[in-house]
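Each chain, written out:
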Amino acid sequence: MATNPAVFPPTQSARKPGSVLPFSGGQRPDEPREREGVRLREIPYNYTSFSDREIVMRLLGADAWDTLLELRGERKTGCSARMLYEVLGDIWVVERNPYLQEDMLDNPKRRYAIAEAMRHRLGEVEKRRLLDQGGSDEQKDIAPASRSNKVIELLKRAHEAVDVFEKEFSDTWDFRKKVARRLGKVTRKDNIAFDGLARVSHVTDATDWRVEYPFVVVHPDTEEEIAPLVKALIELGLTIIPRGGGTGYTGGAIPLTKRSAVINTEKLDALGDVEHITLPGMSAPVATIHCEAGVVTKRAMEAAELAGLVWACDPTSADASCIGGNVAMNAGGKKAVLWGTALDNLASWKMVTPNAEWMEVERLDHNMGKIHDIEVAKFRVRTFDETGKKLKSETTLEIPGALFRKVGLGKDVTDKFLAGLPGIQKEGCDGIITSARFVLHRMPKHIRTVCLEFFGQVKEAVPTIVEIKDFLNGHEHAVLAGLEHLDERYLKAVGYATKSRRNQRPKMVLIGDIVSDDESAAMEASSAVVRLANARHGEGFIAVTPDARKKFWLDRARTAAIAKH
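Not measured: the values here are computed from a predicted model.

> Is there a simple way to think about the environment of Ala64 in this case?
With respect to the helices and strands, the residue Ala64 is situated in helix α2 (residues 64-73). Judged by relative accessible area, Ala64 falls into the buried class, the value being 2%. As a C-alpha pair, Ala64 and Arg53 span eleven residues in sequence and 8.9 Å in three-dimensional space. When residues no more than four places from it in sequence are discounted, the contact partners of Ala64 are Val56, Leu154 and Arg157.

If you want it as structure tokens, here you go:
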């Protein structure tokens, strides 16, 4: 695009372009019950999850919905309301469809035609208002003044909404040129995407929750581009959203404003070799691996496995999730029971702060185990300028290990501050993770996977989790290396195939790995765990071969099924 095909004059509006109103249901909790009979999907072309109330509030203002309900309650505005809804539907269907937006941007005549059609409908509503008053504006005192004033106010806001709709295209055209010009100084132009496909594919994550489409999606080629990109986006006034594989279930990668930019780190996929390094404060070298933020978790796991080692951080989304997200979310997985979450296994990580500065965080005196088992955890934090070469500050954080976990719970997902440790569990709110180095572990020689199916009351089965953990914590030769709980809803969603001969689906399933360097100890401990399940109306099965163990874990990896419940 070289020039703007159409520029429209600025207008005042009750709704600022790009503004967002909070989500709510189709009816306020404090609304009278008699209003429940109002249909909530009368606006045409609304294929979204937004109710009519939400759309009206976003386009016409927060109090417009109440005004509409009052007018509809008088049963005189049925036709006028339908025409108003048609106008809102035309605006809404374009706002929620980037492909239609692209078409409108490239076709000013079509854009003009739809705007004029909307104004024509509003003009028809005005004619009906005048007819209700006896045919002229001088006779408006014949009809109730309050009713007429409400219609006038709604029409005024609707005209403003059409003006905003029209003007946003010229604003978008101009701002795109500005963004492309500024970002083009930092990364290749084909890494800057405004097209419908890029915006649609970055509007949500695994939650499928959709609020706003991003204005632009950026795919940097190298780690070094991240800091200057952040600086440029801040100068442009865009909200920055880091994104990797988009597998999160917390909404951390979802744009909440129209003027937002998604930085997709999937191209940062450099994966180093397994290196034995003496970490700060340690006397002997340990196995580590360096990954950029876009490395898929499964690739890192496979690299460790090729070296005969274990990557401890293995979320259920390992086939698609990326390392940057693992760090930002403090991801865990079935092996967390033995080696902890991402935090416990990080040797160091690198990130870009909201000030477009580089920050390197390095763990000191790593205990190669769960961080809450040590009295004090130490981290060296260094901040560099945009180039990453000039050191601006250096400090050492000393944090009591117990602060990283909640007693009786473990990982506390509500604790985003996490004692002030940068990057970890912040979901990208305090910076963008660009790379990290993880420590690797050695798995004992013999592994037995147990699958425990419980058919009784869930409240009777749940204590088995604690009983298994306590039993293996006290075992002399075997340890619990992985444990996963599958509830009834998940089992139904994945179509779980019951291993028991019972003709029913279990209420709960536990899958665990029991490991030992002594083969007989591994089998003995596994059998004892099955007996614990038997005592609580459960049945147990033990897999010995790698193929059989893999089959036991397959249901756990079907993360797409989570959306079904």
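Read on, since the account is not over.
> Quick question: what am I supposed to make of the pattern of salt bridges here?
Oppositely charged side chains can pair when the atoms bearing their charge come close. Tallied over the entire structure, the rule returns 38 salt bridges. Its salt-bridge partner being Glu357, residue Lys392 comes within 2.4 Å of it at the nearest N-O pair. In this pair, Lys392 sits in strand β10 (residues 391-400) while Glu357 sits in the loop between β7 (346-352) and β8 (358-364), placing the two residues 35 residues apart along the sequence. Owing to a relative accessible area of 17%, Glu357 belongs among the buried residues under this scheme. Here Glu360 makes a salt bridge to Arg382, at a shortest N to O gap of 3.2 Å. In this pair, Glu360 is assigned in strand β8 and Arg382 in strand β9 (residues 376-384), connecting sequence segments 22 residues apart. For Arg382, a relative accessible area of 26% gives the class partly exposed. Among the ionic contacts, a cluster of salt bridges with common partners joins Glu116, Arg119, Asp163 and Glu166.

> In this structure, what is going on with the nonpolar core? I would like to understand it.
Side chains that are nonpolar tend, in soluble globular proteins, to be buried together. By size, the foremost hydrophobic cluster in this structure holds 37 residues, and its most contacted members are Val56, Leu60 and Ile91. Going through the elements one at a time, α1 (52-60), α2, α3 (78-95), α4 (98-106), α5 (108-132) and α6 (145-183) are the ones with two or more residues in this core. Core analysis: the next-biggest nonpolar cluster, separate from the first, contains 36 residues, Leu309, Val361, Ile371 and Ile399 among them.

> How should I be thinking about unusual backbone geometry in this particular structure?
Trans is the prevailing form of peptide bonds, just as negative phi is the prevailing case for residues other than glycine. Although it is not a glycine, Tyr45 adopts a positive phi angle of roughly 65 degrees. Counting through the fold element by element, Tyr45 comes out in the segment before α1.

> I tried to follow α3 on my own but got confused; where do I start?
Spacing of three or four residues puts side chains on the same side of an α-helix, whose turn is 3.6 residues. Given a rise of 1.5 Å per residue, 18 residues ought to cover 26 Å, and the 25 Å separating the end C-alpha atoms of α3 matches this to within 8%. Burial analysis of α3 places 14 of its 18 residues in the buried class, which makes it a mostly covered element.

> Help me understand the sheet that holds strand β2 (residues 216-218), please; the structure alone is not making it clear to me.
Sheets are built from strands paired through backbone hydrogen bonds, the pairs being either parallel or antiparallel. Strand order in the open sheet made by the four strands is β1-β2-β4-β3, with mixed pairing throughout. The open sheet has two free edges, formed respectively by β1 (192-193) and β3 (239-243), since each of these has just one partner strand. Where β1 lies against β2, two bridges are found, and the strand directions are antiparallel. Among the inter-strand pairings, Ala193 is bridged to a residue of β2, identified as Val217. Across the face of the sheet, helix α8 (residues 226-235) comes into contact with β2, β3 and β4 (260-264) while running at roughly 175 degrees to β4.

> Just checking my understanding: could you explain the packing of aromatic side chains for this structure?
To describe a pair of aromatic rings, you give the distance between the ring centres and the angle between the ring planes. Tallying each qualifying case throughout the model produces seven aromatic pairs. Ring geometry for Phe165 against Phe169: centres 5.2 Å apart, planes inclined by 90 degrees, an arrangement best described as edge-to-face. Remark: Phe169 and Phe165 occur in helix α6; sequence separation between them is four residues, near one turn of the helix. Between the aromatic rings of Trp311 and Phe438, the centroid separation amounts to 4.4 Å while the plane-to-plane angle is 40 degrees, which identifies the pairing as tilted.

> Any chance you could explain the environment of Glu375 here in plain terms?
When you line up the elements, Glu375 lands in the loop between β8 and β9. Overall, the relative accessible area of 72% leaves Glu375 in the exposed class. Between the alpha carbons of Glu375 and Ala402 there is a distance of 7.3 Å; along the sequence they are 27 residues apart.

Parameters and conventions
In this numbering scheme, every chain counts its residues from 1 along its sequence in written order. Restriction of local features to residues with pLDDT of at least 70 applies here, the model being predicted, together with a cutoff of 80 or more for giving and counting side-chain atom pairs; totals for whole chains, interfaces and linings are based on all residues. Processing note: side-chain calculations cover all non-hydrogen atoms of the structure and skip hydrogens and water entirely. Labels follow the DSSP assignment, with helices taken as runs of H or I lasting at least four residues and strands as runs of E lasting at least two, numbered in each case from the N terminus. For every residue, the accessible area obtained with a 1.4 Å probe (protein chains only) is divided by the maximum for its type, and the residue is called buried under 20%, exposed over 50%, and partly exposed between those limits. Note on definitions: a residue-residue contact is assigned when non-hydrogen atoms from the two residues lie within 4.5 Å. Any carboxyl oxygen of Asp or Glu that lies within 4 Å of a side-chain nitrogen of Lys or Arg is treated as forming a salt bridge with it. Note on terminology: a nonpolar core comprises buried Ala, Val, Leu, Ile, Met, Phe, Trp, Tyr and Cys residues joined through side-chain atoms within 4.5 Å. Helix span, expected: 1.5 Å multiplied by one less than the number of residues in the helix. Pairing between strands is defined by DSSP: at least two bridges between them are needed. Every axis corresponds to a line fitted to the C-alpha atoms, with the helix fit spanning only the stretch in contact, and the corresponding angles, defined between N-to-C directions, vary from 0 to 180 degrees. Centre distance within 6.5 Å is the pairing criterion for rings of Phe, Tyr and Trp, where only the six-membered ring of Trp is used; planes under 30 degrees apart are then read as stacked, over 60 as edge-to-face, and the remainder as tilted.

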